Every structure is written in C-alpha cells, then in structure tokens.
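If you want the building blocks of each chain, they are given just below.
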Amino acid sequence: MATRMASTCSNEPTHQVLIRSLGPSRDSVSTPDYDNLLTMGSYPPECIPRLGSFIQALTALRIQHKPIAVRYTPQTMAPLLHVSHAECTLESLLQQSLLQRLFHVRELTSYDIEIPVLSAKLVRKMRARYVKEELTLRGELPSIVQFATALDAEALCKLVVRFRRSQSDTYGIDFAYSLQLPEQGYANMRTLKLVETEEYARFSGIPLAHLLRPFQGLRQLEDVEVQLEKSAMHARDEDIAQLAKAWSRLRRLVLSCTRCTAAVPTLDSLYTLADRCRSLSKLVLPQLDLQNLGKTIERRPPEEPLLAPSYCGTPGEQPHALHLFGVACDSMIRISDRQAMRIARCIDSLFPYIDLNASWKVDDSVEALLGDWYLIWVNIAVTKGLRNCAPGRAYLD
C-alpha cells in the first residue's frame, strides 16, 4: 500500500512558481509605472497563447506552473496576445533549465528576474537570444554577477542591476567579484544601470571601481548610471581613471548619491574624462574636491578654448562637446571667490559647451545659496559671458 501511494505521488506533476506576472514592455521597463497598468487576472500558462513553447516544456518535464498575473494598458486589445515582459523569481538553480525554456519564447523581449543567493558553484551557461529590450536583475550583487556572467544575451540593449550586499560578504573576497561579464555575450548592450536597494548604508567603504569591476569588460558601453540610495559613494581619481579607460565610448556617465565619503575625485578626473571620453554629452559626478584640486591643473592650467567656426584642429584638439554637467552633492566648506573662479575656468576650458540653463538647477533655498557650487556656477556663467563679449580676455586676472 505504501509503495503504491509513493508511486502515485511521484507521478503527480510538481507545482512551480517561476513567472510572477506578464505584461507589455514599457518605455522604461526598469521603473514600471503601475498607475497606468491594469491587472486582467491570474491565468494558467495554458491560457496564454504566447507561452506555447514554454507550455510544451512544462508538459515534457511533468511540471505544473501556478497561475500567472496578466497586466495590460487600457489601450490594449486582447491583452493575452500582447504580453512581452516577464517578471520572474528564480527560487533556486534547480529552476535554471525551466528559465532557459522560457528564454526560448520569441515574444518575451524584456525580463525582471529575482536572483536567489548563489553559492560558489558556477552557474550553467544560458542563452537568451530573444531578450533585447531590457533585462533587470535583482538580488545580492555577487549572485547577480554569477548569473549575468553565465548568460549569453547578445541582442540585449540595456541591463539594470538592482542590488544589495551579501550578508556574509567581506568585499573583495567573494570570488564573484573577480568575474567579468563576457563582451561577446552582451555584444549589443550599450546601457548599464546599477541601483542600490539596501535599507542601510553597507557600500560606503567600497571604491567605485571595485563595485563596477565585473562590468568593465563591456567596452562598448555608452551609458552608465550608478545610484547609491543609502550608502555614501567612495569615488577616487583612480576609480574614475579606471572607468574612463574601460569605457572610452561613454556618452553618458551619471554617478548619483545622497552623500559622499572623504574620498572624492579632484579636477584630475575631469582632465581624464575630457581626454579619454571624447563622446561624453552628460556627466554627473558625486562631488569634486574643492580644496585639493589635483596635480594636472598645475601642468595644464586652464586656457581659453577656441570656439571659432573656422577652427580646423585635429579631433583630439577640438573642444569637448559635453553638454550637461553636474555634481550630486553640494558642499559647505566656504571656498574663496578666487578658488571658485579657478575651478570654474578649469571646467569651462575643458567643457566649453556646457548648457548652463540645463545643467545649473537654480535653487533659492538658503542652503543652496550658501553652498560652494552656487559660487562656482556663478563664476562659470561670468566666464562664459566674458568669452562671448571679450574673446581672448576671459581668463585674464
């Protein structure tokens, strides 16, 4: 009797939860706006036509999947026929083969996947040939790196990493940080966004280059953004130099935080980015050291840029075309007007095309008016005005 019952139980399909919800891809999948999405209901995968090949895999593996929530926009006709974005939870690596079968569904072009805590065991290789819009990975950073390193998503355009720190991690010891995402596996990817999801500050002592080391092999990146919500950003000149060397094609670099550690870049980092990242159009740094300006400014003091239409220098000599510039954190060290003018001239000489109206967010609060960057922006505006009115004399004391 016991043997017969055990045999019966073993023949029953197991229930899995891999896909939490399906819906349309949005303009910015990484920041879904659920206000304009309606929930149609929860349906067995057999009722969703686009999951045909995935259903066949479930049947072959004798697996039953729990009902899946289906979301849609009010304008959508026949929502079950128009799902293209999947939100998934990978409970363990035992579901990896099932996820691989889901990646075979042509119509699913963007994913949001919760990654489990992974051990030091290497993840099996996977291919996501139809994932091309956006892939969001959530979880502990070492586990995300392990998963992403094993993935071949050559058509993917944008990777979003929503990360937290491993509870047992002493940064730099976990072997996952020595891994690098393969460039050939992400050949079409141009955008990388990392967002901290910690409730407490746990990344403050980690140099920025170490945090981004697994992604530095993706040489073709053009848009990189890092957001630290709780932790203070630890960004030194050597960190910025490593990023500039790895990602020379950058068009947009945004390093956003609410506060910084004592290790902040100097003006040396601006010289490095101006020299190595000639395509940059938007740059946001966490902060700049306004007292120690670095060594480069002594060797290469600011010179008034030549902006005449007839200028015919070599590409390396032409003024940088950076359009938007900013710092994430203001400071209140009360620098002198002379120091502010020196910093302003350096910024203006390296990036003469900065759009003040778009870059300088005017804030009438007392804190902003007393901040050091208010004084620097005023001096940048004055310098630009002098260049327009009296070319050749703007940098004269």
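Above this note sits the structure.
Cut-offs used in this document
Residues numbered from 1 in each chain as written. Predicted model: local features only at pLDDT ≥ 70, side-chain atom pairs only at ≥ 80, totals over all residues. Heavy atoms only, no water. Pairing = 2+ DSSP bridges. Helix = DSSP H or I, 4+ residues; strand = E, 2+ residues; numbered from the N terminus. Axes fitted to C-alpha atoms, helices over the stretch in contact; angles between N-to-C directions. Salt bridge = Lys/Arg side-chain N within 4 Å of Asp/Glu carboxyl O. Buried < 20%, exposed > 50% of the residue type's maximum accessible area, 1.4 Å probe, protein only. Right-handed = clockwise from strand over helix to strand, strands pointing away. Disulfide = S-S within 2.5 Å.

Colleague: Whenever I open this one, the sheet that holds strand β3 (residues 38–43) confuses me. Can you help?
Modeller: Strands belonging to one sheet form pairs held by backbone hydrogen bonds; the direction of such a pair is parallel or antiparallel. Strand order in this open sheet of 12 strands is β3-β5-β2-β6-β7-β9-β11-β12-β13-β14-β15-β16, and the pairing throughout is mixed. Where the open sheet ends on each side, the last strands, each with one partner, are β3 and β16 (324–327). Mean inter-strand twist for the sheet, computed between neighbouring axes without regard to direction, equals 10°.

Colleague: Mind showing me how you'd approach the pattern of salt bridges here?
Modeller: Side chains bearing opposite charge may pair, as long as their charged atoms lie close to each other. In total, this model carries 16 salt bridges according to the counting rule given. Linking E154 and R127 is a salt bridge whose minimum nitrogen-to-oxygen distance equals 3.4 Å. Remark: R127 occurs in strand β8 (residues 126–127) and E154 occurs in the loop between β10 (151–152) and β11 (158–164); sequence separation between them is 27 residues. Overall, E154 belongs to the partly exposed group, its relative accessible area being 37%. Given a relative accessible area of 37%, R127 falls into the partly exposed group.

Colleague: So what exactly am I meant to see when it comes to the pairing of strand β15 (residues 282–285) here?
Modeller: Each regular strand carries side chains that alternate between the two faces of the sheet. Relative to β15, strand β14 (residues 252–257) is paired through three bridges, and the arrangement is parallel. Within β15, the residue paired with V254 across the bridge is V284. For the segment spanning β14, helix α7 (residues 267–276) and β15, crossover handedness is right-handed. Here β15 runs beside β16; their pairing, made up of four bridges, is parallel.

Colleague: It is not clear to me how the state of the cysteines should be interpreted in this structure. Could you clarify?
Modeller: Cysteine pairs can be covalently joined through their sulfur atoms, and such a bond is termed a disulfide. Evaluation of the coordinates by the stated rule reveals zero disulfides. Here C329 is not cross-linked by a disulfide; its sulfur's nearest cysteine counterpart is in C260, at 3.7 Å.

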